[in-house]
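# Examination of the molecular architecture
The chain contents come next:
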Amino acid sequence: MRRPRPEGSPADGGHHLVITAGIYVSPRPDGTIPDDAWGLTFDVNVIGPALVADEARKIFQAQGLRGSMVVTTSVNGMVSKKGSLAYDASKAAANHLVRELAVELAPLVRVNAVAPATVVAGSSMFPRDRVIASLSKYNIAFEESESTESLRDKLARFYAERTLTKVPILPADQAEAIVFLTGDKAAKTTGQVLAVDGGLVEAFVR
Amino acid sequence: MSTVEKRYAHVTYAWDAQRAAKMNGLQTLIFRSNLLGDDGRITNTGGGNTSSKLLETDPLTGEQVEVLWVKGSGGDLRTSTAENFSSLYMSKLVDLQQIYAAAPARGAKTPIEDKMVSYYPHCTFNLNPRASSIDTPLHAFVPWKHVDHTHPNSVISVAATRRSEQLTREIYGDEIAWTPWMRPGFELGLTLQRLWEKQPQLKGVILGQHGLLNGAHDQYECYELSLDLIDKAARFIEARDRGDQTFGGQKYQSLDESKRNAILEQLLPWLRGELSRQQRMVGTLQTDATMLRFVNSQDAPRLAELGTSCPDHFLRTKIKPMYVPWNPQSGDFAGLKQLILSGLEQYRKDYAAYYERCKHADSPAMRGADPTVILIPGIGMIAWGKTKSESRVTAEFYNCAVEVMRGAEAIDEYIALPEQEAFDIEYWLLEEAKLKRMPPEKPYARRVVMVVGAGSGIGKEVAHRFANEGAHVVCADLDPKAAQQTADITS
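Residues numbered from 1 in each chain as written. Chains lettered and ligands numbered in written order. Predicted model: local features only at pLDDT ≥ 70, side-chain atom pairs only at ≥ 80, totals over all residues. Heavy atoms only, no water.

### Some remarks on the overall build of chain B
Operational definition: A run of DSSP states H or I qualifies as a helix once it reaches four residues; a run of E qualifies as a strand once it reaches two. Both are numbered from the N-terminal end. Atoms counted for the radius of gyration: C-alpha only. Globule rule: 2.2 Å times residue count to the power 0.38. The rule is simple: take the accessible area with a 1.4 Å probe, protein chains only, and divide by the maximum for that residue type; under 20% is buried, over 50% is exposed, in between is partly exposed. Contact criterion: two residues are considered in contact whenever any of their non-hydrogen atoms come within 4.5 Å of each other. Residues scored as positive are Lys and Arg, those scored as negative are Asp and Glu, and His as well as the terminal groups of each chain are ignored. Note on charges: their place is set at NZ of Lys, CZ of Arg, CG of Asp or CD of Glu.
When you go through chain B residue by residue, the secondary structure sums to 19 helices and 13 strands. Computed over its C-alpha atoms, the radius of gyration of chain B comes to 24 Å, within 12% of the 23 Å expected for a compact globule of 491 residues. Counting only C-alpha atoms, chain B reaches 70 × 55 × 55 Å along its principal axes. In chain B, buried positions account for 56% of the 491 residues. If you take every contact in chain B between residues at least 6 apart in sequence, the share linking residues at least 24 apart comes to 72%. Once the 56 positive and 61 negative side-chain charges of chain B are each reduced to a mean point, those two points are 3 Å apart.

Put into structure tokens, the structure is as follows:
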């Protein structure tokens, strides 16, 4: 894990920072997690955003202009379940990182999170092996010969049925929330985690 | 029409006689315009205009009428298509002279002169929606069928010297006339008309502190003449180039790349903040040898203070840049920041005072008082605008300004526009109207957003959304190719 260095374009890194990068390391078939998977998961999902935020803070403070940060976390950081211990714990940590960054960077910079659930379409979070593991777990029928897109579609529709709104969630849904939280329309909102999860009762905040 | 390819030292000759032979008049005009606009030494981005007087069939009477096809308001010669050209009845344009003559007070910058612009739509041929350029009379009232008006650095160098009139005669003999600076419009059109009435053999005119206008009865001859005249001025300048005494010789040396970048890393966010108090600005940085030869020179402070010539240039660059009197060899970063802060304070005072001195009763309110071009010895130039591309155009125009000064100082003494003349362009009511007609800025205009993870999935989606909302998006990803792909897609 290295700090980002603004090489070549010192004027870049301007008014708003959005972090969507994340990693999901699939557990072993028996559900256990290799030791190094823990480190990688926390590095990418928690420490990475923390280091980037720290570098961005220097630019934000030098500029003295109001700015914002949005980090993509996950409803997995709120909902308790089994099967993805490292990922879920890292997302809970990321949620609290966002809350504390909101305190640290105030008043100049607002920091919020968007917590997706099950954005299967076009996502690097749902590589074929993870999709197959999930389909098996939920006893959803599929053929090995099916295209990844078809498998993803099956899984997305299964997930949708479990939500209040019953429609698969798309990257565009996340983008909409991120763009809102980044901009001036959310000028009085900071330290919040906005779930874009189709409506999951287990993720309702008390 | 000559089919012999000519070789020019200082402009690109690109005529294709075979292609042109298949074109009609309007197509040839567009072709000629695209070629002229394609060479930055011939004219600046968005600068200059071209025209052809062609016979068209009147849609109502079926008669042949002479129509002036002239580059309209907005757009760039390099990329112009038919849509960029206005078309006006020549007879109606000439008749407008009677309206003008009947006004009790006339001349450059009089109310009647601006009012004439409101009559151009009434002269439109065939319901062409393209708004007419202010320069329309410059094309209409000279007798040539084809006219090129350009802003070439080399010619503006000649046009921006103290002995401009004599130098014009020395370089061009009596084929090319000279007129002193006059804000473009109806009066300048009439001035050119009178010039040609007195000297019918004229091929063109140098417009003092502005640019070049020339014409011919054949499209190719007009193009060739433009190149001839521009190249001639450039060769005259080259023969008198002052070599290492350019701009009085070097006062400072450029910092090496790593030292320069270390300073810029600290400086640029802070500077952007300083210049973005009212509205956020985006900057373009230039550290090349040509710009630094100017910025590091003995004469830079004096020449920067004099200001720019050519109205197109200073609408973007403001009449003068801000030169920071920092010694790159001995100064430190804290000293640089202090000099910039005091420089900005002084610049803002100077600008407000200029506005107060020059304003008229009906002048628009003062716009921003910050510089849009900042010169730092040892480091380079930073140009500022409301978007990346606007700041690039401002940078381009200051490059032109430096080149103009280089040429002018090589052959004589550089002079800038008097400040009242500069004000009357900057705060021209027609210019204000143009600004007011622009669409409102998008929600993320002037903002810079960095997306970490832009190579795929949600990051890619969000990068495009921000771009659609007007943001400048920096795409970062573990996979640089994927980040580049996201950046390359424009929707």
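The rest of the description comes next.
### Here we look at the domain arrangement of chain A
Residue and element names in this part refer to chain A. Note the cut-off: What fixes the domain bounds is an automatic or database domain assignment. We define buried area as the total accessible area lost by two parts upon association, computed with a 1.4 Å probe and summed across both. Only one rule defines a salt bridge in this text: a Lys or Arg side-chain nitrogen within 4 Å of an Asp or Glu carboxyl oxygen.
Domain boundaries assigned for chain A yield domain 1 (14-117 + 170-198) and domain 2 (119-168). Once you take the C-alpha centre of each, domain 1 and domain 2 turn out to be 24 Å apart. With 14 residues of domain 1 in contact, the opposing surface of domain 2 contributes 10 residues. Together, Tyr24, Leu170 and Gly198 form the three largest contributors to the area buried by domain 1 at its contact with domain 2, with a combined 48%. Here domain 1 is connected to domain 2 by 0 salt bridges. The element that contributes the greatest number of residues to the side of domain 1 that touches domain 2 is helix α5 (residues 171-182), accounting for 3 residues.

### A few points about helix α2 (residues 85-105) of chain A
Just so we agree on the cut-off: Expected helix span is computed as 1.5 Å times (number of residues minus one).
A rise of 1.5 Å per residue sets the reference length of α2(A), with its 21 residues, at 30 Å; its end C-alpha atoms lie 30 Å apart and thus fit the reference within 8%. Within α2(A), the full set of buried residues consists of Ala86(A), Tyr87(A), Asp88(A), Ser90(A), Lys91(A), Ala94(A), Asn95(A), Leu97(A), Val98(A), Leu101(A), Ala102(A) and Leu105(A).

### Section: a nonpolar patch on the surface
Residues and elements named next belong to chain A. To be explicit about the condition: Patch building starts from residues that exceed 30% relative accessible area and form no salt bridge, then joins like charges within 9 Å and nonpolar side chains (Val, Leu, Ile, Met, Phe, Trp, Tyr) within 5 Å. Accessible surface area values rest on a Shrake-Rupley calculation with a 1.4 Å probe, where residue burial reflects the displayed protein chains alone.
Together, Leu164, Val201 and Phe204 make up a nonpolar patch on the protein surface, roughly 300 Å² of accessible area in all. On the secondary structure map, Phe204 appears in the segment after β4 (193-196). Judged by relative accessible area, Phe204 falls into the partly exposed class, the value being 45%.

### Some points on the pattern of salt bridges
A pair can form between side chains of opposite charge whenever their charged atoms are brought close. Residues and elements named next belong to chain B. Summed over the entire model, instances satisfying the criterion amount to 34 salt bridges over all chains. Here Asp114 ties to Arg183 by a salt bridge, and the two come within 3.7 Å at their closest N and O atoms. Remark: Arg183 occurs in the loop between β5 (176-179) and α8 (186-198) and Asp114 occurs in helix α4 (residues 111-117); sequence separation between them is 69 residues. Across the pair Asp241 and Arg406 runs a salt bridge whose closest N-O atoms are separated by 2.7 Å. Of this pair, Asp241 sits in the loop between α9 (219-238) and α10 (257-275) while Arg406 is found in helix α15 (residues 388-411), placing the two residues 165 residues apart along the sequence. The class of Asp241 is partly exposed, set by a relative accessible area of 34%.

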